[in-house]
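# An overview of the molecular structure
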Amino acid sequence: MTRTPRRARTTRALLAVAGVAALTAGLAACGGDSLEKSKEGGSSGSGKDSLVVGSASFTESKVLAEIYAGLLKDAGYSTSIQTVDARELYEPALEKGQIDVVPEYAATLTEFLNKKQNGKDAPQVASGDSEATVKALRKLAEPRGLKVLDAGSAVDQNAFAVTGEFAKKHQLKTLSDLGKSKEKVRIAAGDECSQRPFCRPGLEKTYGMDVAGIDPLEVGSTQAKQAVKDGKDQLLLTTTTDATLAQFGLVLLEDDKKLQNADNVLPVVNAKKAGSQKIADVLGKLNKVLTTADLTELNKKVDAERLKPADVAAQYLKEKKLLTK
């Protein structure tokens, strides 16, 4: 299984030719060593101590990118943050050194690179074992000039939710219960859900689910949750750290057959530009404190309390005493 950038934990795959061309032109114009100040925060700079931190367009990735930037800035680097909607776009930029470091998810990136290298029908190499998954990821990433840093204990995996009313009516606690109910479901998810094994194919094969269609909404978005709340869709693709489900009367169904793999949070860097031990040590400090519960709370501060990702990240760094200055 792979995780879609939501959280998914994640972003929709924007594969239109015009979109790719526009992004490529924008990155090329910025150059490899400097980037204009982004809308999400960070400061621009140039030279070997200037690093571009990449972020996907969902809340958690934005906050993690701000935390990475804060740690690196504290260590003496000039940082900027570049938000890119889809892994299909930011991963090549990471390989080229247009982006230097990105917060990633072990299993999802493993399978993304596995399919990229070995074809869309390649056997899955990620698993529920985090150590084995990271080992497989490094084997795939290193030939591409990427360095995979150590993973922490914080995990953010794809999850599926229904309304509390729907769950009560059909006596649902698990995804197996939903499959056995034989209820037709329309899934509010990114349009890539129809191909990715953790989503529609996995739900149909592993749980025998009757999927009537995909509503191509941004994963875990307000619009997607509202569509499920209103009954337009019955199943929401979101993440285990989604902090706003209760606001929409939604509840998670247990992934009782372990469709999802180990999606531990970890930094991935361009080996040539950001592969130093110093950077590994700086970013590794986060692994000692960041938990899955922390991720949920950080998401809540942005999604429910409407705080800015940069402010939430700064507060977290201060509370956890991760800064030296």
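Residues numbered from 1 in each chain as written. Predicted model: local features only at pLDDT ≥ 70, side-chain atom pairs only at ≥ 80, totals over all residues. Heavy atoms only, no water.

### Points about the packing of helix α3 (residues 87-96) against helix α4 (residues 106-118)
Test applied: To get an axis, fit a line to the C-alpha atoms, keeping to the stretch in contact for a helix; angles then go from 0 to 180 degrees between the N-to-C directions. Helix numbers and strand numbers start at the N terminus; a helix is a DSSP run of H or I with at least 4 residues, a strand a run of E with at least 2. Convention used here: angles under 35 degrees read as roughly parallel, angles over 145 as roughly antiparallel, angles from 65 to 115 as roughly perpendicular, and any remaining angle as oblique. Residue contacts are defined here by distance: any two heavy atoms, one from each residue, within 4.5 Å place the two residues in contact. Under the scheme applied here, ten amino acids are nonpolar (Ala, Val, Leu, Ile, Met, Phe, Trp, Tyr, Cys and Pro), four are charged (Asp, Glu, Lys and Arg), and all others, including Gly, are polar.
One way to put it is that α3 packs onto α4 with a least axis distance of 12 Å and a crossing angle of 80 degrees. On the basis of the axis angle, α3 is roughly perpendicular to α4. Listed contacts from α4 to Arg87, Glu88, Glu91, Pro92 and Glu95 of α3 are Thr108, Leu109, Phe112, Leu113 and Lys116. Class assignment for the residues of the contact of α3 with α4 results in four nonpolar, one polar and five charged.

### Brief notes about the nonpolar core
To keep things clear, this is the line we draw: In these notes, a set of buried Ala, Val, Leu, Ile, Met, Phe, Trp, Tyr and Cys residues joined through side-chain atoms within 4.5 Å is what counts as a nonpolar core. We call a residue buried when its accessible area falls under 20% of the maximum for its residue type, exposed when it is over 50%, and partly exposed in between, using a 1.4 Å probe and counting protein chains only.
In this structure, Ile67, Leu72 and Leu286 are the most contacted members of the largest nonpolar core, which totals 55 residues. Here this core gets eight residues from one element, more than from any other, and that element is helix α2 (residues 59-74). Those residues in contact with Leu72 that lie beyond four places of it in its chain are Leu51, Val53, Tyr77, Thr79, Val101, Ile279, Val282 and Leu283. In this structure, Leu175, Ala189, Cys199 and Tyr207 belong to the second largest nonpolar core, which totals 23 residues.

### Brief notes about the confidence of the model for the protein
To be explicit about the condition: A residue's pLDDT is simply how confident the predictor is in it, with values from 0 to 100.
In this model, the protein carries a mean pLDDT of 87, and residues with pLDDT of at least 70 account for 85%. The low-confidence segment residues 1-46 (pLDDT under 50) makes 144 contacts with residues lying over four places distant or belonging to another chain.

### Some details on the packing of aromatic side chains
Applied cut-off: Aromatic pairing here means that ring centres of Phe, Tyr or Trp (its six-membered ring) are within 6.5 Å. Orientation follows from the plane angle: under 30 degrees is stacked, over 60 is edge-to-face, and everything else is tilted.
Following the criterion strictly, the structure yields one aromatic pair and no others. Taking the centre distance of 6.2 Å and the plane angle of 40 degrees together, the rings of Phe58 and Tyr105 count as tilted. Pair noted here: Phe58 is in the loop between β1 (50-55) and α2 and Tyr105 is in strand β3 (residues 101-105), with a separation of 47 residues, a long-range link. For the pair shown, Phe58 and Tyr105 are each scored as buried.

### Points about the state of the cysteines
Disulfide: a covalent bond connecting the sulfur atoms of a pair of cysteines. Our working rule: Two cysteine sulfurs form a disulfide in these notes if their separation is within 2.5 Å.
Considering all chains together, one arrives at one disulfide under this definition. Paired by a disulfide, Cys193 and Cys199 hold their sulfur atoms 1.9 Å apart. For the disulfide bridge between Cys193 and Cys199, the dihedral angle about the S-S bond is near -80 degrees, and by the sign convention the bridge is left-handed. The same class applies to Cys193 as to Cys199, namely buried.

### Some thoughts on the sheet that holds strand β8 (residues 235-239)
Which entries qualify depends on this criterion: The rule for pairing is simple: two strands pair if DSSP sees at least two bridges between them.
Across the sheet, five strands lie side by side as β7-β6-β8-β5-β9; this open sheet has mixed pairing. Bordering the open sheet on either side are β7 (210-216) and β9 (250-253), each of which pairs with just one other strand. Direction aside, the axes of adjacent strands within the sheet are offset by 40 degrees on average. The pairing of strand β5 (residues 158-163) with β8 spans four bridges and is classified as antiparallel. What sits directly across from Ala159, in β8, is Thr238. Where helix α8 (residues 200-207) meets the sheet, its contacts fall on β5, β6 (184-189), β7 and β8, and the angle it forms with β7 comes to roughly 165 degrees. In this fold helix α9 (residues 222-229) packs onto β5, β6, β7, β8 and β9, with an angle of close to 145 degrees to the strand it touches most, β8.

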